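Structure at a glance
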Amino acid sequence: MPRVLLLCFFLCAFAEAEVPPWAASQPIDSLTGLVLPPDWAKRAGWTTSFQVDEKDLPQFFDWRFYAHSLTPVKRQRAGDCWAQGTVGVLESLVKIELATETDLSVQEVISCSGEGTAAFGGYFAHEYHVAKGAATTIDFPYVARDVGCKTGLRPVYRLARWGFVGKEGTAPTVVQMKQALMEHGPIGVTIFANAALQNFQGDGVFRGCGKGQTNPIEVIVGWDDNEAGGVWFVRNSWGKDHGEDGYAKIPYGCSRVGEISTWADLRF
């Protein structure tokens, strides 16, 4: 084989080789960080009734199509999934409702919300976005560590309200989660992340379900009833090389996905 063709063969083979996602090389603690406060279930109301009727739910729904894609998936560098997921919900609502792509500050949530830390994790901080709003990443850049809250931040967007999906004491149903998604927009959810999820890559359905303790907060943007008995489209904060451009197809009930689900509304 001529040298040029041989070189091309090796280069092409290398290019086509599957490179593990960045998340696969990270300690699981730096990819997760969910910490449930003792009073977590009392911090917002619970919603079991929605304007969207069950019979009106389509078999396929994806907010990425309606919003002409959502904001780019971010990559966390500390145990701040709770802040990433909180910001992911608000950014998605802004893109859907206002057709505006904005990069909101995760560091502000870490440093100012009081709901957790970069080092030891935390919990949904939607209430901070109701009370104080969100500044941009330009105003308070992400440093992935615990620094003091920056003064003089200018909020550019706020939430009007937020709540839990379902009934206190039980996980929400698939129907309730779909109703919340259609009525309010992408929802923040808890899930169990294991080594299989860390290594997940491509546009297939995730098959490595586990039953461990829920540990990160992620965002569900839609569903498809026609694939693998039904899957959620789950947005992570592990970078665009994880799953398919940062999203994973997670089967209903897999890895306790959505065991805690939250909806939110944008303030206009």
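Description of empty space enclosed by the protein
Enumeration according to the criterion identifies two cavities of 30 Å³ or more in this entry. Approximately 110 Å³ is the volume found for the largest cavity. Every residue along the wall of the largest cavity is listed here: Val73, Lys74, Gln84, Gly85, Gly88, Glu91, Ile217, Glu218, Val219, Arg235, Asn236 and Ser237. When residues of the lining of the largest cavity are traced back to their parent elements, those giving at least two are helix H3 (81–98) and strand E7 (217–224). Top contributing element to the lining of the largest cavity by residue count: H3, with four residues. Residues of the lining of the largest cavity, tallied by class, amount to three nonpolar, five polar and four charged. Taken as a whole, the second largest cavity spans an internal volume of roughly 40 Å³. In terms of residue class, the lining of the second largest cavity is made up of five nonpolar, two polar and one charged.

Considering the layout of surface pockets
Roughly 160 Å³ of volume is contained in the largest pocket. Lining of the largest pocket is provided by Arg64, Ser69, Leu70, Thr71, Pro72, Val73, Arg235, Lys240, Glu244, Asp245 and Tyr247. Of the residues that constitute the lining of the largest pocket, the class distribution is four nonpolar, two polar and five charged.

Rules used in this analysis
Residues numbered from 1 in each chain as written. Predicted model: local features only at pLDDT ≥ 70, side-chain atom pairs only at ≥ 80, totals over all residues. Heavy atoms only, no water. 1 Å grid on protein atoms, 1.4 Å probe; cavity = no way out; pocket = protein on both sides within 12 Å on 5 of 7 lines; lining within 4 Å. Points joined across faces, edges and corners; volume = space filled by probe spheres on them. Helix = DSSP H or I, 4+ residues; strand = E, 2+ residues; numbered from the N terminus. Nonpolar A, V, L, I, M, F, W, Y, C, P; charged D, E, K, R; others polar.

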